[in-house]
Amino acid sequence: MVDEPTNPQSSTGDRAGETLADVLAEVQDRAIAPRLELPLLAASGLVKNFGGTCCAVDRVRIEVPQGSITGLVGPNGAGKTTLFNLLSNAIRSDQGRVLFDGEPIHHLQPHIIARMGMVRTFQVARVLSRLSVLDNLLLAAQKQTGEKFWNTWFQQKQIAQEEKTQRQKAFEILESIGLAHMTNEYAGALSGGQRKLLEMGRALMAEPKLILLDEPAAGVNPTLINQICDRIQGWNQDGMTFLIIEHNMDVIMSLCDRVWVLAEGRNLADGTPAEIQSNPEVLEAYLGH
Amino acid sequence: MVGYLVTLIISTAIYALFSLGLNLQWGYTGLLNFGHVAFMTVGAYTTVLLSLNGVPLVVATLVGAALAALLGLILGSTTLRLREDYLSIVTIGASEVIRLIALNEEWLTRGSLGVANFPLPLGTLTQPTIGSKIAMIALWTCIFAVSGQHLWKWTRRTDRNVFERFSIGESTPTPIHSEQDLATKPAQAPRLLAGLASAALGLFIYGIGISALYDYSYKAGLMLVLVTVLALVYWRLEVSVKSPWGRVLKSIREDEEVARALGKNVFWYKLQSLMLGGAIAGIAGAFYAWNLTFINPDGFIPLITFQAWIIVVLGGAGNNAGTILGAIIYWSYYSATRFLPDFLQALHSVIPIIPASIDDARLGAFRIMIIGLLLIILMMVRPQGILGKKEELTLGR
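Residues numbered from 1 in each chain as written. Chains lettered and ligands numbered in written order. Predicted model: local features only at pLDDT ≥ 70, side-chain atom pairs only at ≥ 80, totals over all residues.

1. What about the overall build of chain A?
Turning to step 1, where the next piece is worked out: Broken down by element type, chain A carries twelve helices and ten strands.
Turning to step 2, where the next piece is worked out: Here chain A holds 289 residues, and the buried ones make up 46% of them. (Helix = DSSP H or I, 4+ residues; strand = E, 2+ residues; numbered from the N terminus. Buried ≥ 20, exposed ≤ 12 C-beta atoms within 10 Å, placed from the backbone.)

2. Some points on the overall build of chain B
Turning to step 1, where the next piece is worked out: Within chain B one finds 16 helices and two strands.
Turning to step 2, where the next piece is worked out: Within chain B, the proportion of its 397 residues that are buried is 40%.
Turning to step 3, where the next piece is worked out: Of all intrachain contacts in chain B linking residues separated by at least 6 positions in sequence, the fraction that spans at least 24 positions is 78%. (Contact = placed C-beta atoms within 7 Å.)

3. Overview of the domain arrangement of chain B
Residues and elements named next belong to chain B.
Turning to step 1, where the next piece is worked out: Under the domain assignment, chain B is made up of domain 1 (2-127 + 216-394) and domain 2 (129-160 + 186-215).
Turning to step 2, where the next piece is worked out: Computed over C-alpha atoms only, the centres of domain 1 and domain 2 are separated by 23 Å.
Turning to step 3, where the next piece is worked out: With twelve residues of domain 1 at the contact, the number on the domain 2 side is 13 residues.
Turning to step 4, where the next piece is worked out: Contributing elements (two or more residues each) for the side of domain 1 that touches domain 2: helix 1 (2-28) and helix 9 (218-241).
Turning to step 5, where the next piece is worked out: Ranked by residues supplied to the side of domain 1 that touches domain 2, first place goes to helix 9 with six residues. (Domains from an automatic or database assignment.)

4. Describing the pairing of strand 3 (residues 69-73) of chain A
Residue and element names in this part refer to chain A.
Turning to step 1, where the next piece is worked out: In terms of residue burial, strand 3 counts as a mostly covered element, since five of its five residues are buried.
Turning to step 2, where the next piece is worked out: The alternating pattern of strand 3 places Ile 69, Gly 71 and Val 73 on one face and Thr 70 and Leu 72 on the opposite face, and all of these are buried.
Turning to step 3, where the next piece is worked out: Where strand 3 and strand 8 (residues 241-245) come together, four bridges link them in parallel fashion. Each residue of the ladder has a partner; that of Gly 71, found in strand 8, is Ile 244.
Turning to step 4, where the next piece is worked out: Both strand 3 and strand 9 (residues 258-263) contribute to a ladder of four bridges, which runs parallel. The residue bridging Thr 70 from the neighbouring strand is Arg 258, located in strand 9. (Pairing = 2+ DSSP bridges.)

5. Topic: the confidence of the model for chain A
Turning to step 1, where the next piece is worked out: Per-residue pLDDT for chain A averages 83, and the proportion of residues at 70 or more is 86%.
Turning to step 2, where the next piece is worked out: Low pLDDT, under 50, characterises residues 1-17 of chain A; the stretch is placed with 25 contacts to residues that sit more than four places away or in other chains. (pLDDT = per-residue confidence, 0-100.)

6. Some remarks on helix 12 (residues 303-315) of chain B
All names here are of chain B.
Turning to step 1, where the next piece is worked out: An ideal rise of 1.5 Å per residue puts 18 Å on 13 residues; helix 12 measures up with 18 Å between its terminal C-alpha atoms.
Turning to step 2, where the next piece is worked out: With ten of 13 residues buried, helix 12 is to be regarded as a mostly interior element.
Turning to step 3, where the next piece is worked out: Among all positions in helix 12, only Ile 304, Thr 305, Gln 307, Ala 308, Ile 310, Ile 311, Val 312, Val 313, Leu 314 and Gly 315 are buried.
Turning to step 4, where the next piece is worked out: Immediately beyond the C-terminal end of helix 12, within one or two residues, lies Gly 316, with a positive phi of roughly 115°. (Expected span 1.5 Å × (residues − 1).)

7. A few points about the confidence of the model for chain B
All names here are of chain B.
Turning to step 1, where the next piece is worked out: When pLDDT is averaged along chain B, the result is 84; 90% of the residues meet or exceed 70.
Turning to step 2, where the next piece is worked out: Low confidence marks residues 160-186, where pLDDT is under 50. Its contacts with residues over four positions away, or in another chain, come to 23 contacts.
Turning to step 3, where the next piece is worked out: Taken over the whole predicted complex, pTM reads 0.84, whereas the ipTM for its chain interfaces reads 0.81.

8. Observations regarding unusual backbone geometry
In most cases, non-glycine residues show a negative phi, while peptide bonds are predominantly trans.
Turning to step 1, where the next piece is worked out: Here A:Lys143, not a glycine, exhibits a phi torsion of approximately 50°, which is positive.
Turning to step 2, where the next piece is worked out: The topology assignment puts A:Lys143 in the loop between helix 5 (133-140) and helix 6 (151-154).
Turning to step 3, where the next piece is worked out: At B:Asn117, a residue that is not glycine, the phi angle is positive and equals roughly 55°.
Turning to step 4, where the next piece is worked out: The class of B:Asn117 is exposed, set by 9 C-beta atoms lying within 10 Å.

9. A short note on the sheet that holds strand 7 (residues 210-214) of chain A
All names here are of chain A.
Turning to step 1, where the next piece is worked out: Taken together, the six strands give an open sheet; going across it, the order is 6-7-8-3-9-10, and neighbouring strands pair in mixed fashion. Strand pairing shows two members of the sheet lacking a second neighbour, strand 6 (118-120) and strand 10 (266-271), which therefore form its edges. Neighbour-to-neighbour, the strand axes of the sheet open up by a mean angle of 20°, direction not taken into account. (Axes fitted to C-alpha atoms, helices over the stretch in contact; angles between N-to-C directions.)

10. Let's talk about helix 9 (residues 222-237) of chain A
All names here are of chain A.
Turning to step 1, where the next piece is worked out: Look at helix 9: 23 Å from first C-alpha to last across 16 residues, which is about the 22 Å you get at 1.5 Å a residue.
Turning to step 2, where the next piece is worked out: For helix 9, the full list of buried residues reads Ile 225, Ile 228 and Ile 232. Projected down its long axis, helix 9 shows its buried positions confined to an angular sector of 60°, all on one face. Seen from the buried face of helix 9, the exposed residues on the opposite side, beyond 90 degrees, are Thr 223, Asp 230, Gly 234 and Gln 237.
Turning to step 3, where the next piece is worked out: Within two residues after helix 9, Gly 239 carries a phi angle of roughly 110°, on the positive side. (Arc of directions from axis to C-beta.)

11. Concerning the interface of chain B and chain A
Turning to step 1, where the next piece is worked out: With 34 residues of chain B at the interface, the matching set in chain A holds 40 residues.
Turning to step 2, where the next piece is worked out: Those elements that provide at least two residues to the side of chain B that touches chain A are helix 9, helix 10 (244-261), helix 11 (266-292) and helix 16 (390-394) of chain B.
Turning to step 3, where the next piece is worked out: Among the elements that make up the side of chain B that touches chain A, the one with the highest residue count is helix 10 of chain B (twelve residues).
Turning to step 4, where the next piece is worked out: Classifying every residue of the side of chain B that touches chain A by side-chain character gives 13 nonpolar, ten polar and eleven charged. (Nonpolar A, V, L, I, M, F, W, Y, C, P; charged D, E, K, R; others polar.)

12. Focus: the packing of helix 3 (residues 57-79) of chain B against helix 11 of chain B
All names here are of chain B.
Turning to step 1, where the next piece is worked out: Following both chains from N to C, one finds helix 3 and helix 11 inclined at 145°, their axes separated by 7 Å at the closest point. The handedness of the crossing between helix 3 and helix 11 comes out as right-handed.
Turning to step 2, where the next piece is worked out: For the contact of helix 3 with helix 11, the per-class residue count stands at 15 nonpolar, eight polar and one charged. (Left-handed = near helix turned anticlockwise from the far one by under 90°.)

13. Details of the sheet that holds strand 4 (residues 95-100) of chain A
All names here are of chain A.
Turning to step 1, where the next piece is worked out: Reading across the sheet, the four strands line up as 2-1-4-5 and stay open at both edges, with antiparallel pairing between neighbours. A single partner strand is all that each edge strand has here, and the edge strands are strand 2 (57-64) and strand 5 (103-104).
Turning to step 2, where the next piece is worked out: Across the sheet, helix 3 (residues 80-87) touches strand 1 (41-48), strand 2 and strand 4, and the angle it forms with strand 1 is around 115°.

14. Topic: the nonpolar core
Residues and elements named next belong to chain B.
Turning to step 1, where the next piece is worked out: Formed by 175 residues in total, the largest nonpolar core has its most connected members in Ile 14, Leu 17, Met 40, Met 223 and Ala 284.
Turning to step 2, where the next piece is worked out: If one sorts the elements of this core by residue count, helix 11 sits on top with 15 residues.
Turning to step 3, where the next piece is worked out: Apart from residues no more than four positions distant in its own chain, Ala 284 is found in contact with Ile 14, Leu 17, Phe 18, Gly 21, Met 40 and Gly 43. (Core = buried A, V, L, I, M, F, W, Y, C linked by C-beta atoms within 7 Å.)

15. Topic: the environment of B:Ala220
Residues and elements named next belong to chain B.
Turning to step 1, where the next piece is worked out: Along the chain, Ala 220 turns up in helix 9.
Turning to step 2, where the next piece is worked out: Classification of Ala 220 as buried rests on a count of 26 C-beta atoms within 10 Å.
Turning to step 3, where the next piece is worked out: Considering only alpha carbons, one finds Ala 220 and Ser 88, 132 residues apart in sequence, at a separation of 37 Å.
Turning to step 4, where the next piece is worked out: When residues no more than four places from it in sequence are discounted, the contact partners of Ala 220 are Val 6, Ala 212 and Leu 213.

Here you go:
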């Protein structure tokens, strides 16, 4: 965020030691190569008030660099999921700006944002119960010819062709998330953990630039958590960027390049996992006084 | 007898067409439309009034369908962004408003006096030549041959292969669990039985059609046109709902939030579904008018909407074949109970305790009672509808 380099809420973390000269130099650099320097997702000054006296999300700033796995942690009610909703515009923010891939997106409809390459999962996994597991994945494929009504009548060859390639890809994803044996089952027949996996597979199928994962390890057994972490790491090595909400600190520590901490709707800290783990404010927010 | 059966086929086909529209909206997209008859009203009046002013019937029908779709656009664009309950409230209100407009705007619709003497399809064809008779019978045969072929394919499919289209192409690594596949083999028998029953029914209808077309009357011609249109609509609908377009509709039915998060323009798809379903109901309206050869607002009461709901629920929501089957069952029941007085008479001659006749008012109430009872039993035994899939009901969200 070039325009707001000094948000009072995020004085901890990397920006603490910056001088004015550093900031100016950074701004100049970005002016020369803005695309390279800008994070993939950058939000600043996000405010959402659900009608109470305090804000659910209060002037929050977050950045997700291209190619990173960024973590978002905070105690219950800190506003993490609300922040996700604001980023994907499922809920409209009262104030603030969100830049995705260099474009402002806070005024766009959720489905447009998804098409631009930002796909999210849900805290409680939401699968399309009465569609097959395979159909759940196929739905996520973008730019399908067959999704336009008239094309279903007049472009059948093209559609069949596309379906074939998409199916191939879906099978590969199902193999990688270990659901290949469930391909033709109804998604509603999956267990909670499998649903989490299916959601992730669905997000991947959309070939996004950024995936927002809301508690991928919640309610999942330890072995499966390890598998999920391995998968996320693998996809990240293939170039996918992630923003992950997670309460399981082991997951955060092992996966993330950078962690942002929210508490009571505000930025508390941001930094590397090690920095966060030793930050007294964070410990206090998580463990109480 | 043939004449009566032809009337029955026409009524069934009109309601099947009408309910196919509702099935698209509710069965596939999950839109609660409680005012489906509004689309029919618009379609019927538009077609009839335009054709009275010299517009060719085909054009008039298409304009009627387009106006019905426009009504869907208006209703949808105001309510589809809200939760689904609002749509049901608005549609039921709109259907009454449309009916009351038809009742009160006498300059246009002649109010409760109704509209009559409008042009009918094949209306000028009173004495067809032997050549045109053969052509009509050939068309009739064609429809049934194609339907029969599809029925044959359906019967041969194993239940497991409901997802058959997924395994097209040899390169796809479909995981096959042979023991599971074997386990579902016996489930073939009911399917075969259903196929045979449908084939028998189809042959019966085909036979009636042939004899009706041979002894040509206006109704026979109408039946031919109507069944042709029904087959076309069914075919095109099946193509669409089995395509990625239909997949998006179903995903909206399941969880529109997910569809939105995956980049689908949920609002636009709902609107398309509402408009297309409305257009189909509009076409059904045209046939409704041609069948009665007289329309007035009393013919478009909310009850018609709920008859369509009964048909869709009976056959199994989200299943076009089920909807047609639902219409057939509904109308068979309705016609069968017409012969209840004769039946009672016959019973009376054998067992004198049973009354020889009941008066018409009671008979009407009795028929409705029985259909209510049948529906309750169906919902207890097969809550998913006749062709619905049981698994789909037991799935958690």
